[in-house]
Amino acid sequence: MEQRVLEKIKKWEEFKELDPTLREELESLKGNESALLDAFYNDIAFGTGGLRGILGAGTDRMNIYVVRKSTLGFLNYMIQKYPNIKEMGVAIAYDCRKNSYLFAQHAAEVIASNGVKAYLYTDIRSTPQLSFTVRNLKCAGGIMITASHNPPIYNGYKIYDHEGCQLVPELADMVIDEIAKVEDMFRIETKPFDTLVNEGLIKLIDKDVDTVYVEAVKQVTVQDVPKNNIKIVYTPLHGTGCAFMVELLENEGYTVIPVKEQMIPDGEFSTLKSPNPEESSAFEYSLKLGKEVDADILIATDPDADRMGIAAKDNNGEYVLLTGNQTGAILLNYLAQNVPHDKNACVYNTIVTSNIAKDICDKH
C-alpha cells in the first residue's frame, strides 16, 4: 500500500476523539487492504453540485469530518465573496437519509462558530424549499444534505449561491480550492450546538419559512383549470415530499390519494428497490394503489423532492411510466401554448435533455 495512504489511515487511527461509530468501522477494516484502499486512496470529489458518496470512515466517504472540512472551505469562499455575510447568514436543510440531520448540525456548528448565522430546519425539507429559503432570508448561500435518488448507503452535500442556485463550475472550482486549503479536518474548532443556539448564531426555522414557501408555490399557476376531474396517486418515496405535497395539491382542489406506506420518512427506503422516481420499480406500491382507486396519474418524487416521475394511462387504460424527457417535453409544450410570450422567449436545455425542446420552440 502506498505510503501516503498509510499515513492517511494512521492519522485517522491516532485521532483520539474520533467518532465512536467511525472508530468501530475503522477497526473492522483492519487487515482488509482493498476496503481500506477504497476508503482512503482518494479524497471524496467535490464537483459543481457538491459531494456525494458512501457513508463511512475514510477520506473518500461521507462522514462528519468531510462535512466539516467542506463547510469551512465553502464558508471561507463566501466570506471573500460577501463582505456582509454575518448579516446575511447561511441556510441549511436536509433529507431523510441516515446521518442527514447529524451532518446538517455539524455544518451549522462550523458556520455559526465563525460568527455567521446559520438558519437550520428542525425537520426534513426539500431541495426546492432550501433554494427558496436562501432567497427568502437573503442568505449568502445554502447547504442541502442529500444524496438525491442514490441508494441508502449514500449521502451527499449540495451547495447554493445567494440566489439559491447551484454553483457554476468556475465558482465551484473556487470552493474546491478553499476546501483544499483546510489542512486538518480533525482540527476545526467549533462551539457546542446548544450553545450556538442559545447565542442566536444557530436559528432554528420551520413555520417562519414554511408558510411563505407554500404560498409562493401556489402563485406558480399557468391557468385556472377544472381540477375535480383529476385523481392523483402520490408517493414521496419516504422522502421530503411528505412535508407539503399532499396538503398543497388538496388545497388547490385536486383529489390526492397518498401511498401511506411511503409517506413515512425512512432513510433505508425499506419498501423500495431504488428511490429513483424515473425507475419503474419505484412505482410498485403506487401502481397497485392506482389500480385500486382508478387514478388518472401517478406521481413520485425522489428523497429530496427535486426530481419527479409520472405514470399516466394509455388508450388501453394501462399505466405507462414517462421518461424525464417526455415529461419535460409535455411541460414545455404546455407552457409554450398557455404562457404569453414573444420571439425573444428563452428555454434552457441541458446536455442530457432531448433535442425535442428545440422542435417545440421552433413550432411556437
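Up top is the structure.
The structure presented is a predicted model; accordingly, all values stated were derived computationally and were not measured. (Residues numbered from 1 in each chain as written. Predicted model: local features only at pLDDT ≥ 70, side-chain atom pairs only at ≥ 80, totals over all residues. Heavy atoms only, no water.)

S.K.: What is the right way to look at the overall build of the chain in this model?
M.R.: Scanning the chain for helices and strands turns up 14 helices and 11 strands. The C-alpha radius of gyration computed for the chain amounts to 22 Å, which stays within 12% of the reference 21 Å derived for 364 residues, consistent with globular compactness. Each principal axis of the C-alpha distribution contributes one length, and for the chain these read about 65 × 50 × 40 Å. Residues classed as buried in the chain amount to 47% of the 364 residues present. Taking the intrachain contacts of the chain between residues at least 6 apart in sequence as the baseline, contacts between residues at least 24 apart amount to 70%. For the chain, the accessible surface area stands at approximately 18,500 Å², while carbon and sulfur atoms represent 51% of it. Considering the chain, the positive charge centre built from 37 side chains and the negative charge centre built from 53 side chains are found 2 Å apart. (Helix = DSSP H or I, 4+ residues; strand = E, 2+ residues; numbered from the N terminus. Rg over C-alpha atoms; globule rule 2.2 N^0.38 Å. Buried < 20%, exposed > 50% of the residue type's maximum accessible area, 1.4 Å probe, protein only. Contact = heavy atoms within 4.5 Å. Areas by Shrake-Rupley, 256 points an atom, 1.4 Å probe, with all protein chains shown as cover. Lys, Arg positive; Asp, Glu negative; His and termini not counted. Charge placed at Lys NZ, Arg CZ, Asp CG, Glu CD.)

S.K.: Please explain the sheet that holds strand β7 (residues 231-235) as it appears in this structure.
M.R.: Adjacent strands of a sheet pair through backbone hydrogen bonds, lying either parallel or antiparallel. The strand order across the open sheet formed by 5 strands is β8-β7-β9-β10-β11, and the pairing between neighbours is mixed. Strand pairing shows two members of the sheet lacking a second neighbour, β8 (255-258) and β11 (319-321), which therefore form its edges. Along the sheet, successive strands turn relative to each other by an average axial angle of 25°, direction set aside. Here 4 bridges tie β7 to β8, and the two strands are oriented parallel to one another. Opposite K231, over in β8, you have T255 as the bridge partner. Along the sheet, helix α12 (residues 284-293) makes contact with β7, β8, β9 (297-301) and β11, crossing β7 at roughly 160°. (Pairing = 2+ DSSP bridges. Axes fitted to C-alpha atoms, helices over the stretch in contact; angles between N-to-C directions.)

S.K.: So what exactly am I meant to see when it comes to the packing of helix α4 (residues 64-81) against helix α8 (residues 169-181) here?
M.R.: Between two packed helices, what matters for the description is the angle formed by their axes and the separation of those axes. At a minimum axis separation of 8 Å, α4 and α8 run at an interaxial angle of 120°. Taken together, the axes of α4 and α8 are oblique relative to one another. Two packed elements cross with a definite hand, and for α4 against α8 that hand is right-handed. Across the interface between the two elements, K69, S70, G73, F74, N76, Y77 and Q80 of α4 pack against L171, M174, V175, E178 and I179 of α8. Residues of the contact of α4 with α8, tallied by class, amount to 6 nonpolar, 4 polar and 2 charged. (Parallel < 35°, antiparallel > 145°, perpendicular 65-115°, else oblique. Left-handed = near helix turned anticlockwise from the far one by under 90°. Nonpolar A, V, L, I, M, F, W, Y, C, P; charged D, E, K, R; others polar.)

S.K.: So what exactly am I meant to see when it comes to helix α3 (residues 33-40) here?
M.R.: Of all the positions in α3, only A35, L36, A39 and F40 are classed as buried. Looking straight down α3, one finds that the buried residues subtend no more than 110° of arc, so they occupy a single side. In this structure, the buried residues of α3 make contact with α1 (3-14) and α2 (20-29). (Arc of directions from axis to C-beta.)

S.K.: Would you mind showing me how to read the pattern of salt bridges here?
M.R.: Opposite charge on two side chains permits pairing when their charged atoms draw close. For the coordinates displayed, the defined rule picks out 20 salt bridges. K8 is the partner of D43 in a salt bridge, and the nearest nitrogen-oxygen pair spans 3.0 Å. You can see D43 sitting in the loop between α3 and β1 (50-54) and its partner K8 sitting in helix α1, a full 35 residues away along the chain. By relative accessible area, which is 18% here, K8 ends up buried. (Salt bridge = Lys/Arg side-chain N within 4 Å of Asp/Glu carboxyl O.)

S.K.: Teacher, can you tell me more about the environment of V256 here?
M.R.: Here V256 is to be found in strand β8. Linking V256 and I230, residues 26 residues apart in sequence, is a C-alpha distance of 8.7 Å. Non-local contacts of V256, meaning those with residues more than four positions away in its chain, are made with I232, Y234, V246, L249 and E250.

S.K.: Hey, could you run me through unusual backbone geometry in this one?
M.R.: Leave glycine aside and you will find that most residues have negative phi; peptide bonds, for their part, are mostly trans. In this model, H238 sits at a positive phi of 70°, which is unusual for a non-glycine residue. Within the fold, H238 resides in the loop between β7 and α11 (245-251). The buried category is assigned to H238, whose relative accessible area is 2%. Positive phi is not limited to glycine here, since A305 has a value of about 55°.

S.K.: Before we go on, may I ask you to explain the sheet that holds strand β4 (residues 141-145) in this structure?
M.R.: Strand order in the open sheet formed by 6 strands is β1-β5-β4-β2-β3-β6, and the pairing between neighbours is mixed. At either end of the open sheet lies a strand with only one pairing partner, and these are β1 and β6 (202-205). With direction set aside, neighbouring strand axes in the sheet form an average angle of 15°. Relative to β6, strand β3 (residues 118-121) runs parallel, the two sharing 4 bridges. Each residue of the ladder has a partner; that of Y121, found in β6, is I205.

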